[in-house]
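Structural description and commentary
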Amino acid sequence: MTRVQLSDAEWEFIEPYLPIGEYGPYPERLRQQFEGVIWRFKTGAQWREMPREFGAWSTVHNRFRQWRDASVFEALLEGAIAEAAKRGEVDLSLVSVDSTTVRAHHDAAGMHLDPDALAALEKAAEEAEKARQKGEARRNKTGRTTRNGKSGDASGAAASSA
């Protein structure tokens, strides 16, 4: 078993970021639960395999979810970066951006389009948008598409009852 234990200095840095509700958790259990979360991700084990020294696995898991939903880990990361910046230990020359989240314009990627091809693509996109809007306008209140302003009901009952 991999033992995870925070030093007192590490805990003093982390503790202010962990919210304490009106009815708990008790601060001494908070440290155990946080160490349990670290253990779980460090080992890659299932939540149910968590040693009892961290408390009940379900309690630690629920606490992790609450912290995740409250953006505690993002705040902790930002706090660590800010602390490192105060010490002059931040080196932004190693920052990397994943290409799946930041898309480059086609010109930046070296792609060159013929002006006629670009105009044809833009025209096709406009026509597709017009067709989509036209299709939305034809939907009646029940969500069925209409034809020429009449219900798509083949029996004609909807048209005759109106």
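Because the structure is a prediction, the values reported are computed rather than measured.

Here we take up the nonpolar core. With 18 residues, the main nonpolar core has Trp11, Ile14, Leu18, Phe34 and Trp67 as its most contacted residues. Contributions of two or more residues to this core are made by α1 (8-14), α2 (27-43), α3 (57-69) and α4 (72-86). Among the elements that make up this core, the one with the highest residue count is α2 (four residues).

Here arginine 31 lies in helix α2. One polar contact links the side chain of arginine 31 to the main-chain carbonyl oxygen of serine 7, over a distance of 3.5 Å. Here arginine 31 is in contact with Leu6, Ser7, Asp8 and Trp11, once residues within four sequence places are set aside.

Using the criterion set out here, one finds nine aromatic pairs in the structure. Residues phenylalanine 13 and tyrosine 17 carry aromatic rings whose centres are separated by 5.7 Å and whose planes lie at 50° to one another, so their mutual orientation is tilted. Judged by centre distance (5.5 Å) and plane angle (40°), the ring pair of tryptophan 47 and phenylalanine 64 falls under tilted. One end of the pair, tryptophan 47, is in the loop between α2 and α3; the other, phenylalanine 64, is in helix α3, with 17 residues separating them in the sequence. Taken as a pair, tryptophan 47 and phenylalanine 64 share a single burial class, namely buried. Taken together, the ring pairs connect Trp11, Phe34, Phe41, Trp47, Phe64, Trp67 and Phe73 into an aromatic cluster.

Quick look at the pattern of salt bridges now. Within this structure, the stated rule accounts for five salt bridges. Arginine 31 serves as the salt-bridge partner of aspartate 8, at 3.3 Å between the closest nitrogen and oxygen. One end of the pair, aspartate 8, is in helix α1; the other, arginine 31, is in helix α2, with 23 residues separating them in the sequence. When the shortest N-O distance is used, the salt bridge between arginine 31 and glutamate 35 registers 3.6 Å. Pair noted here: arginine 31 and glutamate 35 are both in helix α2, with a separation of four residues, about one helical turn.

What counts as what
Residues numbered from 1 in each chain as written. Predicted model: local features only at pLDDT ≥ 70, side-chain atom pairs only at ≥ 80, totals over all residues. Heavy atoms only, no water. Core = buried A, V, L, I, M, F, W, Y, C linked by side-chain atoms within 4.5 Å. Buried < 20%, exposed > 50% of the residue type's maximum accessible area, 1.4 Å probe, protein only. Helix = DSSP H or I, 4+ residues; strand = E, 2+ residues; numbered from the N terminus. Polar contact = N/O pair within 3.5 Å; in protein donor to acceptor, adjacent residues only side chain to side chain. Contact = heavy atoms within 4.5 Å. Phe/Tyr/Trp six-rings, centres within 6.5 Å; stacked < 30°, edge-to-face > 60°. Salt bridge = Lys/Arg side-chain N within 4 Å of Asp/Glu carboxyl O.

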